[in-house]
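Here are the chains, one letter per residue:
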Amino acid sequence: MEIKGIIFDFNGTLFNDSVLHEQAWRDYSKILRGTSFSDEEMHKYMFGRSNEEIITYAIGRKPTHEECLKWANEKEAYYRELVLKNPSCIHLTEGAEKLFDFICEKNIPHTIATGSEKTNVDFFVEIFNLDKWFDVDKIIYDDYTIPGKPNPAIYLKALTILDLKPEETVVFEDSYSGITAANNAKIGKIIAINDNPDSFQHKDKVFSVIKDFNELDYRLIYNNI
């Protein structure tokens, strides 16, 4: 079926900030429970998960709404400080801006579906000038009502906003939970972003794997080339 629209994950896909998010959660988990997350815990309970899910795991119970907002806001403020302290990291994935220009020129419907919460989304819009390419009002983020990935809810909401069918949509993802969410949403093509495509562990779950957007064959997202 013809591809008619594109949905991007953000963290780890358009912005390679995984190391900074890991550091922020390792440091903040000490505040929540007295010890830092282990590597195994990071992979099982942090990557691609919502703040509420991570906090629930860290404290061993479901937080109240007020607790969740307080702790999530503190952690994300700390994360943003880390970003600003590492200016060499503040750039989009190679080839992303060229791709954005292309899909805007071709009027291909597109948006971002991210597990980040609104304060971070506003931060990303500002530092990367995302409103140049995206309708900010159509960006889907963690508003504490959408189940986190691997639940498909965030992608189903993005499909509704773009008025697209799953089979006519491309999703760009990096995490296993995000890839699982896209598969659960029956997305037509899932393209994984990974620093080392040859060693990517979940090739059987995606259409293709690319290191960055410079490696993307645009014929995968636009048929009239």
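I will try to describe carefully the structure that is included in this document. Computed from a predicted structure; not experimentally measured.

Quick look at the overall build of the chain now. In terms of helices and strands, the chain carries eight helices and six strands. Reading the chain from its N terminus to its C terminus gives the helix and strand order β-α-α-α-α-α-β-α-β-α-β-α-β-β. Computed over the C-alpha atoms, the radius of gyration of the chain is 17 Å, within 12% of the 17 Å expected from 2.2 N^0.38 for a compact globule of 225 residues. Across its three principal axes, the chain shows a C-alpha extent of roughly 55 × 35 × 35 Å. Evaluated residue by residue, the chain yields a buried proportion of 51% over its 225 residues. Partitioning the intrachain contacts of the chain with sequence separation of at least 6 by distance along the chain shows that 64% fall at a separation of at least 24. Accessible surface computed for the chain: about 10900 Å², of which carbon and sulfur atoms make up 48%. For the chain, the distance from the average position of its 26 positive side-chain charges to the average position of its 38 negative side-chain charges is 3 Å.

On to the pairing of strand S2 (residues 110–117), then. Successive side chains on a regular strand alternate, one facing one side of the sheet and the next facing the other. The buried count for S2 comes to seven of eight residues, which makes it a mostly enclosed element. In the sheet, strand S1 (residues 5–8) pairs with S2 via three bridges, with the strands oriented parallel. Note on S2: the bridge partner recorded for Phe 8 is Ile 112. Sheet analysis places S2 next to strand S3 (residues 140–142), joined by two bridges and oriented parallel. Paired with Ala 113 across the bridge in S3 is Ile 140.

Analysis parameters
- All residue numbers here refer to positions counted from 1 along the written sequence of the relevant chain.
- Owing to the predicted nature of the model, reporting of local features is limited to residues with pLDDT of at least 70; listing and counting of side-chain atom pairs is limited to 80 or more, with chain, interface and lining totals taken over all residues.
- The basis for every side-chain value is the complete set of non-hydrogen atoms in the structure, without hydrogens or water.
- Secondary structure elements are defined from DSSP: runs of H or I of at least 4 residues count as helices, runs of E of at least 2 residues count as strands, and each element is numbered from the N terminus.
- Both definitions apply: the radius of gyration is a C-alpha atom measure, and the globule rule equals 2.2 Å times residues to the power 0.38.
- Remark: exposure states derive from per-residue accessible area (1.4 Å probe, protein chains only) relative to the maximum for the residue type, with buried under 20%, exposed over 50%, and partly exposed in between.
- Only heavy atoms matter for contacts: two residues are in contact if any of them lie within 4.5 Å across the pair.
- All accessible-area figures derive from a Shrake-Rupley calculation using a 1.4 Å probe, and residue coverage is judged against the displayed protein chains alone.
- Counted as positive: Lys and Arg. Counted as negative: Asp and Glu. His and the chain ends are not counted at all.
- For the purpose of locating charges, the reference atoms are NZ of Lys, CZ of Arg, CG of Asp and CD of Glu.
- Strand pairing is assigned whenever DSSP detects at least two bridges linking the two strands.

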